[in-house]
Amino acid sequence: MRKDGILQVVKATLAALIFSLVFVIIFTLIIQLASVKASVIKPVNQVFKIIAVAVGGLLFIRGEKGFLKGAIAGLASVLLSYVLFGIIGGSFAVNWTFALEIVLGIAAGIITGIIAVNVKKS
């Protein structure tokens, strides 16, 4: 991957992290204001992470090898968000749900990367 491709992945990853953080903050406010069941929180957070990966990829991935750039951006954003939210929450639990998050992040990145390089940007 060339230098511009690496820069695209970095930008897509950072955008995904920022969007993920914004989504979580907004959702936290909603949880504070409404009575939301605890069983809803994890799935909603997963959806937010997938949307964040998609937004980052659609904004910054261009050119060729979109599947590869997207996969790397999806993986990196999941890993970095895990570290970021682990620091904020004060806990790091590696289990099967974390493995599922990684798979979903990579899949969302691949799909988004393929779409991003095939959609004409103006």
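Residues numbered from 1 in each chain as written. Predicted model: local features only at pLDDT ≥ 70, side-chain atom pairs only at ≥ 80, totals over all residues. Heavy atoms only, no water.

A.B. asks: Where do I start with the overall build of the protein chain in this structure?
C.D. replies: Across its full length, the protein chain carries four helices and zero strands. Each helix and strand of the protein chain, placed in order from N terminus to C terminus, yields the pattern α-α-α-α. Relative to the globule expectation of 14 Å for 122 residues, the C-alpha radius of gyration of the protein chain, 15 Å, shows essentially globular dimensions. Structurally, the protein chain occupies a C-alpha span of about 45 × 30 × 20 Å along its principal axes. Of all intrachain contacts in the protein chain linking residues separated by at least 6 positions in sequence, the fraction that spans at least 24 positions is 78%. Carbon and sulfur atoms make up 75% of the accessible area of the protein chain, which totals about 7,500 Å². (Helix = DSSP H or I, 4+ residues; strand = E, 2+ residues; numbered from the N terminus. Rg over C-alpha atoms; globule rule 2.2 N^0.38 Å. Contact = heavy atoms within 4.5 Å. Areas by Shrake-Rupley, 256 points an atom, 1.4 Å probe, with all protein chains shown as cover.)

A.B. asks: What should I look at first to understand the pattern of salt bridges in this one?
C.D. replies: Between side chains of opposite charge, a pair can form when the charged atoms approach closely. According to the stated counting rule, one finds two salt bridges in the structure shown. Ionic pairing is found between R2 and D4, a salt bridge with its closest N-O pair at 3.3 Å. Under the relative-accessibility criterion, R2 is labelled exposed at 60%. By relative accessible area, which is 37% here, D4 ends up partly exposed. With a closest N to O distance of 2.6 Å, K49 and E101 form a salt bridge. In this pair, K49 is assigned in helix α2 (residues 38-60) and E101 in helix α4 (residues 96-118), connecting sequence segments 52 residues apart. (Salt bridge = Lys/Arg side-chain N within 4 Å of Asp/Glu carboxyl O. Buried < 20%, exposed > 50% of the residue type's maximum accessible area, 1.4 Å probe, protein only.)

A.B. asks: Please explain the nonpolar core as it appears in this structure.
C.D. replies: Inside soluble globular proteins, nonpolar side chains tend to come together where they are buried. With five residues, the main nonpolar core is built from V9, A12, I61, A73 and A116. Here V9 is in contact with M1, K69, I72 and A73, once residues within four sequence places are set aside. (Core = buried A, V, L, I, M, F, W, Y, C linked by side-chain atoms within 4.5 Å.)

A.B. asks: Can you walk me through the environment of V47 in this structure?
C.D. replies: Its place among the elements puts V47 in helix α2. Sequence separation between V47 and F23 is 24 residues, and the spatial gap between their C-alpha atoms is 9.9 Å.

A.B. asks: I keep staring at unusual backbone geometry and nothing clicks. Help me out?
C.D. replies: Positive phi outside glycine occurs at K65, with the angle close to 55°. Looking at the element boundaries, K65 is found in the loop between α2 and α3 (66-89).

A.B. asks: For this particular structure, what's the right way to read the packing of helix α1 (residues 3-33) against α2?
C.D. replies: Each pair of packed helices gets described by two things: the angle between the helix axes and the distance between those axes. Their axes nearest at 7 Å, the elements α1 and α2 cross at an angle of 145°. When you trace α1 past α2, the crossing you get is right-handed. (Axes fitted to C-alpha atoms, helices over the stretch in contact; angles between N-to-C directions. Left-handed = near helix turned anticlockwise from the far one by under 90°.)

A.B. asks: What exactly am I supposed to notice about the packing of α3 against α4 here?
C.D. replies: With their axes 6 Å apart at the nearest point, α3 and α4 run at an angle of 145° to one another. In terms of crossing hand, the pair formed by α3 and α4 is right-handed. Residue-level inspection shows G66, F67, G70, A71, G74, L75, V78, L79 and Y82 of α3 in contact with α4, the latter providing F98, E101, I102, G105, I106, G109, I110, G113, I114 and V117. For the contact of α3 with α4, the per-class residue count stands at 12 nonpolar, six polar and one charged. (Nonpolar A, V, L, I, M, F, W, Y, C, P; charged D, E, K, R; others polar.)

A.B. asks: It is not clear to me how the side chain of T112 should be interpreted in this structure. Could you clarify?
C.D. replies: Structurally, T112 is set in helix α4. Assessed through its relative accessible area of 7%, T112 is described here as buried.

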